[in-house]
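This is what each chain is made of:
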Amino acid sequence: MIHTAQTGIARARDVQIRSGTAMLHGDLSIPTGAQGVVLFAHGSGSSRHSPRNQFVARTIREAGVGTLLFDLLTAEEEAVDARTGHLRFDIGLLAARLIDATYWLKGELDYFRVGYFGSSTGGGAALVAAAELGNEIGAVVSRGGRPDLAADALTRVESPTLLIVGGLDEPVIKLNEDALARLRCEKELRIVPGATHLFEEHGALEEVARLAGEWFGRHLHGRSDTGGRPEKAA
């Protein structure tokens, strides 16, 4: 279901996405003339309403690319995860939800290129989903992500992938360096000097948003050649 409201440069829509028995809620905004849409896969303790996600999404839209921010877990699942911490590391579940959201989007707007922006464990889920869908995913950006959680799927990713890590986030830098070595696609690792895991330092998130906007702007301008629903990789 889509509800549309007209804004200055984007059509803002409240959307509902079915994934198995779960109904996921999201916000879809597409600037005029956009040819691609970026799906956000956030980490634990975050949501589509996160100011960090909203800021990055606005910058991506300013680069001429649409955004779909949605919650990978339902409100009930978030409550369980807050107590147990299990679902945030269920990369198979998170990737499946992201794939279902991609199918939904392609069913609504089959001519748009699709990209993924993942944060924390969402970065691992984005890479697993990208490996599953092959060249249907035009680009992936991981912010402070856990690409190591994608495990063997890393070698099957075809999408151009940008890994962004804070310069003070030393354990995650090593995880991203190791993942970069395993990726066989077009790839790049960018380290933001002086930034910690959440990029809360002055100017750090702005740099993340700039890098992401440039990456998606470069790789998602152009219509999808296949149209329709994405085919799963063999």
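Definitions and cut-offs
Residues numbered from 1 in each chain as written. Predicted model: local features only at pLDDT ≥ 70, side-chain atom pairs only at ≥ 80, totals over all residues. Heavy atoms only, no water. Salt bridge = Lys/Arg side-chain N within 4 Å of Asp/Glu carboxyl O. Helix = DSSP H or I, 4+ residues; strand = E, 2+ residues; numbered from the N terminus. Buried < 20%, exposed > 50% of the residue type's maximum accessible area, 1.4 Å probe, protein only. Axes fitted to C-alpha atoms, helices over the stretch in contact; angles between N-to-C directions. Parallel < 35°, antiparallel > 145°, perpendicular 65-115°, else oblique. Left-handed = near helix turned anticlockwise from the far one by under 90°. Contact = heavy atoms within 4.5 Å. Nonpolar A, V, L, I, M, F, W, Y, C, P; charged D, E, K, R; others polar. Pairing = 2+ DSSP bridges. Right-handed = clockwise from strand over helix to strand, strands pointing away. Polar contact = N/O pair within 3.5 Å; in protein donor to acceptor, adjacent residues only side chain to side chain.

Caption draft 1: The pattern of salt bridges, seen in detail. Summed over the entire model, instances satisfying the criterion amount to seven salt bridges. Its salt-bridge partner being Asp152, residue Arg182 comes within 3.0 Å of it at the nearest N-O pair. Here Arg182 is found in helix α5 (residues 170-182), whereas its partner Asp152 is found in the loop between β7 (137-143) and β8 (161-166), with 30 residues between them in sequence. With relative accessibility at 57%, the residue Asp152 sits in the exposed group.

Caption draft 2: Layout of the packing of helix α3 (residues 91-108) against helix α4 (residues 121-133). At a minimum axis distance of 8 Å, the contact between α3 and α4 shows a crossing angle of 60 degrees. When the interaxial angle is binned, α3 and α4 end up oblique. Read as a crossing pair, α3 and α4 show a hand that is right-handed. Listed contacts from α4 to Ile91, Leu94, Ala95, Leu98, Ile99, Thr102 and Tyr103 of α3 are Thr121, Gly124, Ala125, Ala126, Val128, Ala129, Glu132 and Leu133. Considering only residue class, the contact of α3 with α4 consists of eleven nonpolar, three polar and one charged.

Caption draft 3: Inspection of the pairing of strand β6 (residues 113-119) at higher detail. Of all the seven residues making up β6, seven are buried; the element is thus mostly covered by neighbouring parts of the structure. Residues Arg113, Gly115, Phe117 and Ser119 point to one face of β6 and Val114, Tyr116 and Gly118 to the other, with burial holding for every one of them. Judged from the six bridges that link them, strand β4 (residues 36-41) and β6 form a sheet pairing that is parallel. Following the sheet pairing, Phe40 is matched in β6 by Phe117. Where β6 lies against β7, six bridges are found, and the strand directions are parallel. Bridge assignment links Ser119 to a residue of β7, and that residue is Arg143. Each parallel crossover has a hand, and the one from β6 via α4 to β7 is right-handed.

Caption draft 4: Examining the environment of Arg48 more closely. Within the secondary structure layout, Arg48 lies in the loop between β4 and α1 (51-62). For the pair Arg48 and Leu72, spaced 24 residues apart in sequence, the C-alpha separation works out to 9.3 Å.

Caption draft 5: Molecular detail of the packing of α1 against helix α6 (residues 204-219). Interaxial distance between α1 and α6 falls to 8 Å at its minimum, and their mutual angle equals 40 degrees. By the angle between their axes, α1 is oblique relative to α6. Handedness of the crossing formed by α1 with α6: right-handed. Taking contact as the criterion, the partners of Arg52, Phe55, Val56, Thr59 and Ile60 in α1 are, on α6, Leu205, Glu206, Ala209, Arg210, Ala212, Gly213 and Phe216. Among the residues forming the contact of α1 with α6, the class breakdown is seven nonpolar, two polar and three charged.

Caption draft 6: Examining the environment of Asp148 more closely. Locating Asp148 in the fold gives a position in the loop between β7 and β8. Taking the C-alpha atoms as reference points, Asp148 and Gly123, 25 residues apart in sequence, are found 9.1 Å from one another. Not counting chain neighbours up to four residues away, the residues in contact with Asp148 comprise Leu175 and Ala179. Of the polar contacts made by the side chain of Asp148, one reaches the side chain of Arg146; its length is 2.8 Å.

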